[in-house]
Each structure stands twice: as structure tokens, then as C-alpha cells.
Amino acid sequence: MRVALLTGGGDCPGLNAVIYAAVKKGIQTYGDEFIGFLNGWRGVLDNNWIPLTLEKIDGIQLKGGTILHSSRTNVKKIPGGIEKVQEVLKQNKIDALIALGGDDTQSVTLFLSEHGVPSVGVPKTIDNDINGTDATFGYDTAVSIATEAIDRIHTTADSHNRVVVVEVMGRDAGWIAYAAGIAGGAHVVLVPEQEIDIDHVCALLKYNYDHGKHYGVVVVAEGCHLPEVGQVLGSQEVDSFGHVRLSGIGEALADLIEKKTGFETRSVNLGHTQRGGVPTAYDRLLGQRYGLHAIDMVHQGKWGRIAVLRGTEITDITIKEAISTNRRLSESFFSVIRDLEAKV
Ligand code: F6P
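Residues numbered from 1 in each chain as written. Predicted model: local features only at pLDDT ≥ 70, side-chain atom pairs only at ≥ 80, totals over all residues. Heavy atoms only, no water.

**Student:** In this structure, what is going on with the overall build of the protein chain? I would like to understand it.
**Tutor:** In terms of helices and strands, the protein chain carries 12 helices and 13 strands. C-alpha atoms of the protein chain, sized along the principal axes, occupy 70 × 40 × 30 Å. When burial is assessed residue by residue, the protein chain has 55% of its 344 residues classed as buried. Counted over contacts in the protein chain with a minimum sequence separation of 6, partners at least 24 positions apart contribute 74%. Carbon and sulfur atoms make up 49% of the accessible area of the protein chain, which amounts to about 14300 Å² in all. Taking the average location of the 33 positive side-chain charges in the protein chain and that of its 42 negative ones, the two points are 4 Å from each other. (Helix = DSSP H or I, 4+ residues; strand = E, 2+ residues; numbered from the N terminus. Buried < 20%, exposed > 50% of the residue type's maximum accessible area, 1.4 Å probe, protein only. Contact = heavy atoms within 4.5 Å. Areas by Shrake-Rupley, 256 points an atom, 1.4 Å probe, with all protein chains shown as cover. Lys, Arg positive; Asp, Glu negative; His and termini not counted. Charge placed at Lys NZ, Arg CZ, Asp CG, Glu CD.)

So this is what it looks like as C-alpha cells:
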């Protein structure tokens, strides 16, 4: 078969591992030929692609980012977009498409597969919030990077007797804040699934000071709602999927904490460092397992389906189910946060 791959949305450590494994098994086991469209769906519309050979993918499973580059392009919103995609795929004699991306990218994959384009998906996001899968690759790397950063914040916050608010990614779900916050020993962990109780936050920080520890570390997910303010936006622009750019809740929260407690408070936004660099061993392995499953899905004609991790096994579900909702933290995770914070 002649198979095309693309990567859409925000980049994510482990994308290259998926590409590597799908192409390697496709060529060695099935005798496939591969091309990679560049810049996500944009590359399909522009007929912009590179051949993916064994030489081209050699060693890429170790690397961060995506050799195919990425963009946020919403084919559904582009007049004639679907016809253009169909034309380009036909012109390049593509038998199947593997799209690596989060719910926005997969909404396009679903749309195309409903319009007769043989396509399958691989879930991607450092936010770890795709429905129906226990873990997305990239999440483990993001948590490791954030945890290391929080470790470092402890010593500088301690030296200066300060509170430091660390803002991490997580638009709709607080998986990174939860995991890195707990692993990094943060004194306060704030996730978008729960309303921020600013008095409780200040009480937790005061507890430290009253018990001889004159500093505090707060971890907040970018998607949290600040009381009376709501989400803090990095800009008013929306992307082609209608998403605003979130950024700045750490700074806003730091100001509020300083005003309410009188403690000198600073903020750090970890931003894109969480998505950059090499994937962890876990993500390299998970990515490759997803890639192997994706090429098997292609040869089984599982169009409109997406690879998922259930327990320890990789399987697949419909893309419709995967994008129907976000996977968010639930009560058992909230209780981990509650049980490990100070009793105030
Ligand atoms: O991939 C999801 C995500 O990491 C979100 O947590 C974040 O809001 C968004 O990407 C930011 O991506 P970009 O700055 O590339 O638009």
C-alpha cells in the first residue's frame, strides 16, 4: 500500500517514535511505501510532502519534535478543503492516511473518513486528556520536565523566603499539574477541573510560614479559572479550531497571593519547554507501540478508528468516541491532592 502520515496540532515528544515504528513495520512487514505530508493538514492542501524511507527515519525515535513539522489547519473550515484533500491523495496514489494529533486534528480525520478517505488516527497531546486512552505519549516527558523545574523552584524559593507559582500546560484537564505537582512536592496544586478557592490557597501557604517553612510552591494549570476573572488569556486571537491562547494565570495568581498574604510571590511559566526536547524512555516506547498498531489498523481497514492504550495493551476505538469529550481528573485524583496537602 502507499501510505501517508502527517502530524497536526501542538508538537509532542514521541511523534517521531510513532512515525518510525509505523514506517519501519510498514516497509519491512507489509512492503508499503510511505510519504509524509509536511505541516499537518496544511501540507495535504498544499501537496507538500517528503518520501519516508528507512534511511529517512533512521534514529528519529530518539528525537523530540516532529520531522514532519506541524500546524493547526482546520480542513473543515476551508471552502473546497475536503475536495482538495481528496484530489491530492488521489494524485499521489495514497491508499491510506495515518494522522497523528489531538482532538482537533482527529476531528478532521473523522470528517475525512466519513467522506470516503481511508484514514486512521493516533492520539497525541502532552495534556493527556484524550478520551478512551489511558495515556498519550508526550505526557510522561512533560511531567518529567515540569517535575524537574519544580524541584529547582523549591531551592530558590526557600533561599529567598518566597512563594513561587509555577504555571504548567493543561487547557481542559490538570493531568500535568496533578502529576508534576505531587511528584515535585508542591504545597498547592490547582487543576482546571476544580474551582480555585483563593482563601484555601492562602491558608495552605500561611501554614508553611507558621510551621517554620518560609516559602511555598504552587503549581497551577494554564486552564484554571481565577475567581472573578475566569481563564487568563495570552492573547485575544483564536486558532482555526476556535481555541483561545491561554497563558498568564501563574502571574495573575501570584499577584493575588502577594496581595492577600503579604508574602513576596513570583511566578514562572514553563510553557513550551514542557513540549520540547527528547522524549522519555516511556514515551519512546509508547509512541512506537502506537505506530506499530496504526500500521496494522491500516492493513485491517479500520478506517475512522484511533489507536488507544487500555491498561497495558494497545487497541483501538472509534475516533468519534475519542473526540466526544475530554478525559479529565476525577474524584480519586482530587483526593490524592487533598490528602497530601497541609490540613488547615
Ligand atoms: O498541545 C496542547 C497544548 O500543549 C496546550 O496545553 C496549550 O494550551 C497549547 O498546546 C499551546 O500550544 P501552542 O502555543 O503551540 O498553540
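Still more ground to cover, so stick around.
**Student:** What's the story with the domain arrangement of the protein chain in this structure? I'm lost.
**Tutor:** Often, the extent of an interface is quoted as the loss of accessible area on bringing the components together. Per the domain assignment, the segments of the protein chain are domain 1 (2–137 + 279–322) and domain 2 (141–276). Computed from C-alpha atoms alone, the centre-to-centre distance between domain 1 and domain 2 is 33 Å. With 17 residues of domain 1 at the interface, the matching set in domain 2 holds 17 residues. Where domain 1 abuts domain 2, roughly 1400 Å² becomes buried across the two surfaces, and 52% of that area is made up of carbon and sulfur atoms. (Domains from an automatic or database assignment. Buried area = accessible area lost by both parts, 1.4 Å probe.)

**Student:** Can you walk me through the site of the ligand in this structure?
**Tutor:** Taken together, Arg72, Ile126, Asp127, Met169, Gly170, Arg171, Glu222, His272 and Arg275 make up the full set of residues adjacent to the ligand. In the model, an oxygen atom of the ligand is placed 2.6 Å from a nitrogen or oxygen of the Glu222 side chain. Here the ligand, which alone exposes 400 Å², has 80% of that area covered by the protein. The pocket occupied by the ligand, as judged from atoms lying within 2 Å of grid points, is the largest pocket. Split by residue class, the shell around the ligand holds two nonpolar, two polar and five charged. (Near = heavy atom within 4 Å. Polar contact = N/O pair within 3.5 Å; in protein donor to acceptor, adjacent residues only side chain to side chain. 1 Å grid on protein atoms, 1.4 Å probe; cavity = no way out; pocket = protein on both sides within 12 Å on 5 of 7 lines; lining within 4 Å. Sits in = over half its atoms within 2 Å of the grid points. Nonpolar A, V, L, I, M, F, W, Y, C, P; charged D, E, K, R; others polar.)

**Student:** Explain the environment of Asn131 to me, please; I cannot follow it from the model alone.
**Tutor:** Tracing the backbone through its elements, the reader meets Asn131 in the loop between strand 5 (119–123) and helix 6 (139–160). With a relative accessible area of 17%, Asn131 lands in the buried category. For Asn131 and Glu321, which are 190 residues apart along the polypeptide, the C-alpha to C-alpha distance reads 7.2 Å. Those residues within four positions of Asn131 in sequence are excluded, and the remaining contacts are Ile317, Glu321, Ala322, Ser324, Thr325 and Arg327. Separated by 2.8 Å, the side chain of Asn131 and the backbone oxygen of Glu321 make a polar contact.

**Student:** Just checking my understanding: could you explain the layout of surface pockets for this structure?
**Tutor:** Left-over empty space is what a probe sized like a water molecule reveals as it rolls over the atoms. Looking at the largest pocket, its volume works out to about 800 Å³. In terms of lining residues, the largest pocket is bounded by 36 residues, among which Arg72, Asp127, Arg171, Glu222 and Arg275 are the most central. The class makeup of the residues in the lining of the largest pocket is eight nonpolar, 13 polar and 15 charged. Residue lining of the second largest pocket: 15 residues in total, with Val189, Leu190, Gln194, His200 and Glu341 positioned closest to the centre. Considering only residue class, the lining of the second largest pocket consists of nine nonpolar, two polar and four charged. (Points joined across faces, edges and corners; volume = space filled by probe spheres on them.)

**Student:** Help me out: how do you make sense of the pattern of salt bridges in this one?
**Tutor:** Should their charged atoms come close, side chains of opposite charge can pair. As enumerated under the stated definition, the model contains 13 salt bridges in all. Between Lys302 and Asp316 there is a salt bridge, with the nearest N and O atoms lying 3.0 Å from each other. Taken together, the residues Lys302 in the loop between helix 10 (281–299) and strand 12 (305–310) and Asp316 in strand 13 (residues 313–318) connect sequence positions 14 residues apart. Residue classification places Lys302 among the partly exposed positions, given a relative accessible area of 25%. Sharing partners across several salt bridges, the network here consists of Arg162, Glu264 and Arg266. (Salt bridge = Lys/Arg side-chain N within 4 Å of Asp/Glu carboxyl O.)

**Student:** For this particular structure, what's the right way to read the sheet that holds strand 11 (residues 265–269)?
**Tutor:** Each strand in a sheet pairs with another by means of backbone hydrogen bonds, the pair being arranged parallel or else antiparallel. Spatial ordering of the open sheet is given by 7-8-6-11, a layout of four strands whose pairing is parallel. Both edges of this open sheet fall to strand 7 (188–190) and strand 11, since each of them pairs with a single strand only. Averaged over all adjacent pairs, the angle separating strand axes in this sheet is 15°, with direction ignored. Strand direction decides the pairing type here: strand 6 (residues 163–168) and strand 11, joined by five bridges, are parallel. Across the sheet, the residue bridging to Glu167 is Asn269, located in strand 11. (Pairing = 2+ DSSP bridges. Axes fitted to C-alpha atoms, helices over the stretch in contact; angles between N-to-C directions.)

**Student:** Where do I start with unusual backbone geometry in this structure?
**Tutor:** Excluding glycine, a negative phi dihedral is what most residues carry, and trans is how most peptide bonds are arranged. A positive phi angle, close to 65°, is found at Asn39, a residue other than glycine. Note that Asn39 resides in the loop between strand 2 (33–37) and helix 2 (41–45). Of the residues examined, Asn39 reaches a relative accessible area of 26% and is grouped as partly exposed. Residues other than glycine seldom take positive phi values, yet Asn128 does so here, at roughly 65°. Tracing the backbone shows Asn128 in the loop between strand 5 and helix 6.

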